[in-house]
Amino acid sequence: MDYKYGLLTGVVDDIEDCRRRPGLGEGWSSLLTIVDDSRGLCQLWGRKVKVFSFLFCLVATFLIMASYVLTRDQKGLLLTPSPYHFRVMSQPLNMSSGKDYAGMKEVVRNIVAKVEFRPRKVPNMVEVREREPQIFSEIPRKFLPYLKNPCWYEEYTGNSTVDPYGRNMYTLYSKRFQAVYDHLHSAFQEHLHHHAGRRYRLRCLPYFYIIGQPKCGTTDLYDRLRLHPQVQFTTMKEPHWWTRKRFGIIRLSEGFRNPYPLQDYLDLFDQAAYQIQDRLANSSGGSTKTDIIIGEASASTMWDNNAWVYFYDNGTGTEPPCLVQDFIHAVQPEARFIVMLRDPVERLYSDYLYFGMANKTVEDFHERVSESLQLFEVCLAERSMRSCVYNTTLNNAMPNHARCASHPSHRSPVSLQVTRGHLTVGKGHWDEVALITVRLQVGLYVVYLLDWLSVFSREQILVLRLEDHAANRKLTMHKVFDFLKLGPLTQQKEADITKSPASNTRRPANRNLGPMLSITREILQSFYGPFNQRLAQILHNPAFLWTQPHRSPVSL
């Protein structure tokens with residue numbers, strides 16, 4: 001079947017690995033470095049070739065400049081066309097210096113003084129549909145009434161000899177899922193529904209989403225729910241379609257690629273759709289009812305709106321005009337969402353330990369926290385809280401970009417300057433700027449929750465704490481079962497779900513690093529405190545203040 005590829009038109013060129021060619025953030029500093037190196041080589045040549053060497057250097061310079069200008073829009077994932085300008089100087093910190101400690105406390109006080117929780121402007125349905133018309137042309141407004149899960153029949157007009165999954169971009173990118181799609185292909189024809197001389201395939205969306213947050217136990221929750229006989233999941237745990245793949249984002253460090261079509265995302269639910277069809281076919285007495293539901297567990301769904309500035313910005317706004325939840329609500333107003341949270345201080349440290357950086361130390365973590373707080377403070381000096389939380393420049397400076405950078409002990413002081421649509425770096429390079437930051441904004445849970453509550457009701461969002469889950473898995477899983485309206489389990493099945501070992505726990509090497517520095521913890525607790533207070537008020541639960549010692553150790 002020839003699918004219509006891409007929710008957004010145009011093909012974006014592939015981006016080379018950042019180790020092989022200068023990144024956008026290196027800007028003119030990397031360009032001058034290349035020129036200077038070339039000139040150094042020219043001086044080694046004889047006088048007879050100096051002229052030719054000089055001309056070669058000029059040509060190389062011109063080509064690099066042209067390449068930068070022509071490709072910067074495509075590789076601009078690490079840049080934000082922000083309408084403001086800021087500069088931060090990163091200097092090595094002295095852990096024993098009282099001056100540095102006092103300076104960071106002042107930074108946090110400045111940030112806390114600007115904390116505000118203004119309601120967002122929710123776009124109307126017409127605006128949402130106009131921004132992504134293909135989504136609404138392929139997903140019906142009503143689903144099959146006799147299924148608990150949102151599904152519908154879509155006419156299939158493809159050739160019976162053609163593999164319907166052969167061009168699926170999830171398969172092309174993730175070869176380990178090829179076996180799953182081979183199975184789906186072999187069972188495809190028998191699952192086609194024939195009516196009035198036409199063929200139809202059952203298409204489905206999730207009944208519920210596990211939307212966040214990263215390093216808060218979503219993988220463990222996912223693994224346990226998969227054991228429930230009434231629950232099916234997508235072919236992969238985290239498709240990241242709503243937040244990344246539909247825009248052509250594979251990895252944040254690689255820029256934009258071809259967008260993943262909606263049909264490719266829907267293919268991820270076909271295995272579950274087959275289960276629903278088989279259950280209907282095998283039901284006794286010709287019953288058309290089935291209680292199977294499908295889940296999706298992309299931990300980026302709650303917070304990641306990094307693509308907005310490239311696709312939804314009108315050139316003047318500093319806050320996203322549309323968020324992920326606006327589109328999900330437009331197609332699934334009855335969807336349900338599960339959020340797992342943990343102490344944001346511990347979440348940040350776990351996040352730092354998780355990413356594949358070499359030579360991690362508690363001192364390095366402290367330095368990254370300090371420098372990230374400075375970036376956040378400078379942003380707040382000129383913009384609103386929501387603008388800084390959703391600011392793409394700050395959000396994309398993530399630890400997973402560090403693999404392209406040098407060892408932290410070798411980095412130079414970095415100056416970062418952002419003007420409208422352009423970023424320049426002084427001493428050091430953009431990959432070094434990425435090294436200095438940690439994902440502070442992911443722990444600002446209440447900002448995201450309030451924005452989700454602007455379109456979905458409180459009854460549609462279940463918020464759990466990882467600390468409670470670690471202390472009593474049976475209790476939290478029963479809350480999830482009740483929220484999803486699942487049927488009762490046998491005693492043995494319930495034991496299998498609640499007593500299995502925790503998933504995605506901390507690696508031994510990271511556990512050996514020990515806890516963060518007490519000074520780091522104190523600074524972060526002061527930073528997250530006002531946000532936790534507001535979160536506890538909204539949820540009517542003081543446990544979300546995270547002021548009490550954890551009853552059970554959490555090593556995720």
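Criteria and thresholds
- Residues numbered from 1 in each chain as written.
- Predicted model: local features only at pLDDT ≥ 70, side-chain atom pairs only at ≥ 80, totals over all residues.
- Heavy atoms only, no water.
- Helix = DSSP H or I, 4+ residues; strand = E, 2+ residues; numbered from the N terminus.
- Contact = heavy atoms within 4.5 Å.
- Areas by Shrake-Rupley, 256 points an atom, 1.4 Å probe, with all protein chains shown as cover.
- Pairing = 2+ DSSP bridges.
- Axes fitted to C-alpha atoms, helices over the stretch in contact; angles between N-to-C directions.
- Disulfide = S-S within 2.5 Å.
- Buried < 20%, exposed > 50% of the residue type's maximum accessible area, 1.4 Å probe, protein only.
- Salt bridge = Lys/Arg side-chain N within 4 Å of Asp/Glu carboxyl O.
- Parallel < 35°, antiparallel > 145°, perpendicular 65-115°, else oblique.
- Nonpolar A, V, L, I, M, F, W, Y, C, P; charged D, E, K, R; others polar.
- Phe/Tyr/Trp six-rings, centres within 6.5 Å; stacked < 30°, edge-to-face > 60°.
- Lys NZ or Arg CZ within 6 Å of the ring centre and 35° of its normal.

### Observations regarding the overall build of the chain
Here comes step 1: Looking only at helices and strands, the chain features 23 helices and eleven strands.
Here comes step 2: Contacts in the chain between residues at least 24 apart in sequence constitute 81% of all its contacts with a sequence separation of at least 6.
Here comes step 3: Carbon together with sulfur atoms contributes 53% to the accessible area of the chain, which is approximately 24900 Å² in total.

### Quick notes on the sheet that holds strand 2 (residues 151-155)
Hydrogen bonds along the backbone pair up the strands of a sheet, which may run parallel or antiparallel.
Here comes step 1: Taken in spatial order, the three strands line up as 2-4-3 in an open sheet, and their pairing is antiparallel. Of all the strands in the sheet, just strand 2 and strand 3 (193-195) have a single pairing partner and so form its edges. Strand-to-strand, the axes of this sheet are offset by a mean angle of 40°, without reference to chain direction.
Here comes step 2: As judged from the five bridges shared by strand 2 and strand 4 (residues 198-204), these two strands associate in the antiparallel manner. By the bridge assignment, Glu155 is partnered in strand 4 with Tyr200.
Here comes step 3: In this fold helix 10 (residues 270-282) packs onto strand 2 and strand 4, with an angle of close to 110° to the strand it touches most, strand 4.

### A look at the sheet that holds strand 6 (residues 231-233)
Here comes step 1: One open sheet accounts for five strands, arranged 6-7-5-8-11; its pairing is parallel. Both edges of this open sheet fall to strand 6 and strand 11 (461-465), since each of them pairs with a single strand only. Here the average twist between neighbouring strands, direction ignored, is 25°.
Here comes step 2: Note that strand 5 (residues 208-212) and strand 7 (residues 293-296) share two bridges and pair parallel. Looking at strand 7, one finds that Tyr209 is bridged to Glu296.
Here comes step 3: Helix 8 (residues 218-225) contacts strand 5, strand 6 and strand 8 (336-341) of the sheet and is inclined by roughly 160° relative to strand 5.

### Focus: the state of the cysteines
Here comes step 1: Scanning all chains against the criterion turns up two disulfides.
Here comes step 2: At a sulfur-sulfur separation of 2.1 Å, the disulfide partner of Cys151 is Cys204. With the S-S dihedral at roughly 105°, the linkage between Cys151 and Cys204 falls on the right-handed side. Pair noted here: Cys151 is in strand 2 and Cys204 is in strand 4, with a separation of 53 residues, a long-range link.
Here comes step 3: Classification of Cys151 as buried rests on a relative accessible area of 0%.
Here comes step 4: Judged by its relative accessible area of 1%, Cys204 is buried.
Here comes step 5: Here Cys379 engages in a disulfide with Cys388; their sulfurs sit 2.2 Å apart. Across the S-S bond of Cys379 and Cys388 the torsion is about -105°, and the bridge reads as left-handed. An identical accessibility class is assigned to Cys379 and Cys388; each is buried.

### Some words on the pattern of salt bridges
Here comes step 1: Enumeration over the complete set of coordinates arrives at 26 salt bridges.
Here comes step 2: The closest approach of N and O atoms between Glu106 and Arg109, which form a salt bridge, is 2.8 Å. Taken as a pair, Glu106 and Arg109 lie in helix 3 (residues 98-113) at a separation of three residues, close to a single helical turn.
Here comes step 3: Glu106 sits in the partly exposed class, given a relative accessible area of 36%.
Here comes step 4: Given the relative accessible area of 48%, Arg109 is considered partly exposed.
Here comes step 5: Put simply, Glu116, Arg118, Glu319, Arg386 and Asp451 are held in one network by salt bridges that share partners.

### Section: the packing of helix 13 (residues 344-354) against helix 23 (residues 518-539)
Here comes step 1: Orientation of helix 13 relative to helix 23, taken along the N-to-C sense of each, is 125°, at an axis distance of 9 Å. In terms of orientation, helix 13 lies oblique with respect to helix 23. In this structure, helix 13 contributes Pro344, Val345, Glu346 and Leu348 to the contact, and helix 23 contributes Arg521, Leu524, Gln525, Tyr528 and Asn532.
Here comes step 2: Within the contact of helix 13 with helix 23, the residues separate by chemical class into five nonpolar, two polar and two charged.

### So, the packing of aromatic side chains
Here comes step 1: Enumeration over the complete set of coordinates arrives at 28 aromatic pairs.
Here comes step 2: Aromatic side chains Trp242 and Tyr265 sit 6.3 Å apart centroid to centroid with 80° between the ring planes, which places their arrangement in the edge-to-face category. Of this pair, Trp242 sits in the loop between strand 6 and helix 9 (262-267) while Tyr265 sits in helix 9, and the two are 23 residues apart along the sequence.
Here comes step 3: Grouped by ring-pair contacts, the aromatic residues Phe117, Phe376, Phe527, Tyr528 and Phe531 constitute a single cluster.
Here comes step 4: Sitting above the plane of the Trp241 ring, Arg246 keeps its charged end 6.0 Å from the centroid.

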